[in-house]
Amino acid sequence: MPSLGRLHLITDTRPGRDPLAVLAAVLPVARAELVVQVRVAETATDREAYDLTQRVVRLTAPYGVTCLVNDRLHVALAARAAGGHVGADDLPVTAARQVLGPTAVLGATARYPGTAVEAVSAGATYLGVGPCYATTTKSGLPPEIGAAGVQAVAEAVDVPVIAIGGVTAAAVPELRAAGAYGVAVVGALSAAADPARAAVELLRGLSC
Ligand SMILES: Cc1ncc(COP(=O)(O)OP(=O)(O)O)c(N)n1
Ligand SMILES: Cc1nc(C(=O)O)sc1CCOP(=O)(O)O
Ligand SMILES: [Mg+2]
């Protein structure tokens with residue numbers, strides 16, 4: 001199984017965003033510390049998801065970066081990504097593990113210790129834990145869990161905990177102190193004026 005990077009870039013495919021340009025800027029500075037999760041809009045077709053994933057796989061391969069696909073595990077398999085990420089509305093973790101096979105990277109969303117333990121027993125290799133803070137990137141999320149919520153999950157499991165939701169470079173130290181192995185971001189990189197510099201700032205906190 002590939003070792004897991006600490007900085008997870010989730011593609012921002014909202015109108016007007018250019019996820020491949022952001023990735024191209026971040027790759028040379030983050031290198032193998034980066035994980036890219038291809039996440040497309042629900043309205044995107046499988047063909048669009050597949051095309052984007054193929055491009056991401058090609059761009060990231062020379063850097064040893066892990067590429068994952070959100071929700072659409074058939075796309076992950078078809079594009080030879082390293083694995084996928086599932087949440088409460090997606091395939092259950094056990095089914096996702098069956099689809100991806102025993103060696104794939106499989107992330108699961110877990111917001112509380114109980115569901116976190118279940119997801120790990122079912123085959124998750126890392127957990128996405130949040131929303132840590134307020135975010136405008138995704139609507140309909142439950143209340144923010146903060147660093148204390150991350151800590152509760154991190155203390156309950158022995159797989160990497162990836163903190164998500166409104167994460168900025170300023171928050172990384174408290175999330176790391178709470179037991180997060182890494183962070184997943186959309187806006188902190190996608191909306192940055194200088195994504196490479198923003199990646200350096202996120203990585204500075206993650207290396208401590
Ligand atoms: C690292 C990480 N953590 C959580 C999520 C959220 O997944 P999910 O709950 O399935 O919601 P969608 O992203 O599918 O809208 C994630 N994608 N990545
Ligand atoms: C896709 C997603 N899932 C979340 C969860 O808590 O499950 S928060 C989120 C969006 C993260 O974007 P940003 O870094 O811009 O806040
Ligand atoms: Mg999902």
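Residues numbered from 1 in each chain as written. Chains lettered and ligands numbered in written order. Predicted model: local features only at pLDDT ≥ 70, side-chain atom pairs only at ≥ 80, totals over all residues. Heavy atoms only, no water.

**Student:** So, the UniProt feature "binding site: Mg(2+)" (unreviewed entry) in the protein chain: which residues are in play, and what are the values?
**Tutor:** When the UniProt feature table is mapped to this numbering, "binding site: Mg(2+)" (unreviewed entry) covers Asp71 and Asp90. These annotated residues cover 20 residues of sequence, but their C-alpha atoms sit close together, with the largest distance between any two at 6.0 Å. Filtering the just-named annotated residues for those lining the largest pocket gives Asp71 and Asp90. Locating Asp71 in the fold gives a position in the loop between strand E3 (66-70) and helix H3 (73-78). If near-sequence neighbours (up to four positions away) are discounted, Asp71 is found in contact with His85 and Asp90. Side-chain polar atoms of Asp71 contact the side chain of Asn70, separated by 3.3 Å. For Asp90, a relative accessible area of 25% corresponds to the partly exposed category. Within the structure, the side chain of Asp90 is placed 2.6 Å from the backbone nitrogen of Gly87, a separation counted as a polar contact. (UniProt positions renumbered as here; feature names shortened; annotations may be inferred. 1 Å grid on protein atoms, 1.4 Å probe; cavity = no way out; pocket = protein on both sides within 12 Å on 5 of 7 lines; lining within 4 Å. Helix = DSSP H or I, 4+ residues; strand = E, 2+ residues; numbered from the N terminus. Contact = heavy atoms within 4.5 Å. Polar contact = N/O pair within 3.5 Å; in protein donor to acceptor, adjacent residues only side chain to side chain. Buried < 20%, exposed > 50% of the residue type's maximum accessible area, 1.4 Å probe, protein only.)

**Student:** I'd like a description of the packing of helix H1 (residues 19-30) against helix H2 (residues 46-60), backed by residues and values.
**Tutor:** It is at 11 Å that the axes of H1 and H2 come closest, and there the two elements cross at 15°. Judged by the inter-axis angle, H1 sits roughly parallel to H2. As H1 packs across H2, the resulting crossing turns out to be right-handed. Facing H1, whose interface residues are Leu20, Leu23 and Leu27, H2 presents Leu52, Arg55, Val56, Leu59 and Thr60. Taken together, the residues of the contact of H1 with H2 break down into 6 nonpolar, 1 polar and 1 charged. (Axes fitted to C-alpha atoms, helices over the stretch in contact; angles between N-to-C directions. Parallel < 35°, antiparallel > 145°, perpendicular 65-115°, else oblique. Left-handed = near helix turned anticlockwise from the far one by under 90°. Nonpolar A, V, L, I, M, F, W, Y, C, P; charged D, E, K, R; others polar.)

**Student:** So what about the site of ligand 1? Which residues, and what values?
**Tutor:** The full set close to ligand 1 counts 15 residues, and Gln37, Arg39, Asp90, Thr109 and Lys138 are the nearest of them. Arg39 places a polar side-chain atom, nitrogen or oxygen, 2.8 Å from an oxygen atom of ligand 1. Between ligand 1 and Gly87, the relevant distance is 3.2 Å, taken from an oxygen atom to a main-chain nitrogen or oxygen of the residue. For ligand 1, the accessible surface in isolation is 420 Å², of which the surrounding protein chains cover 89%. When atoms are counted within 2 Å of each cavity's grid points, the one that captures over half of ligand 1 is the largest pocket. Partitioned by chemical class, the residues of the shell around ligand 1 number 4 nonpolar, 6 polar and 5 charged. (Near = heavy atom within 4 Å. Areas by Shrake-Rupley, 256 points an atom, 1.4 Å probe, with all protein chains shown as cover. Sits in = over half its atoms within 2 Å of the grid points.)

**Student:** Break down the packing of H1 against helix H9 (residues 195-206) for me, with residues and values.
**Tutor:** Contact geometry for H1 and H9: axes closest at 8 Å, N-to-C directions at 45°. Our classification of the angle between H1 and H9 gives oblique. In this structure, the crossing between H1 and H9 has a hand that is right-handed. Where H1 approaches H9, its residues Val22, Ala25, Val26, Val29 and Ala30 are matched on the opposing element by Pro195, Ala196, Ala199, Val200 and Leu203. For the contact of H1 with H9, the per-class residue count stands at 10 nonpolar, no polar and no charged.

**Student:** Which residues make up the coordination of the magnesium ion (ligand 3), and what are the values?
**Tutor:** Each protein donor to the magnesium ion (ligand 3) is listed here as Asp71 (OD) and Asp90 (OD); together their distances run 2.1 Å. Of the two residues, Asp71 is situated in the loop between E3 and H3 and Asp90 in the loop between strand E4 (83-86) and helix H4 (93-100); the sequence distance between them amounts to 19 residues. Taking relative accessible area as the criterion, Asp71 reaches 34% and is therefore assigned partly exposed. (Donors = N, O, S within 2.8 Å, 3.2 Å for Na, K, Ca; no water.)

**Student:** How would you summarise the site of ligand 2 if you had to cite specific residues and measurements?
**Tutor:** If you check the shell around ligand 2, you find 14 residues, and the closest are Thr135, Thr137, Gly166, Val186 and Gly187. One nitrogen or oxygen atom from the side chain of Thr137 is found 2.5 Å from an oxygen atom belonging to ligand 2. Take Gly166: an N or O atom from its main chain is 2.7 Å from an oxygen atom of ligand 2. Considering ligand 2 on its own, with 420 Å² of exposed area, one finds that the protein chains cover 94% of that surface. Judged by the fraction of its atoms near the pocket grid, ligand 2 is located in the largest pocket. Tallied by class, residues from the shell around ligand 2 come to 5 nonpolar, 6 polar and 3 charged.

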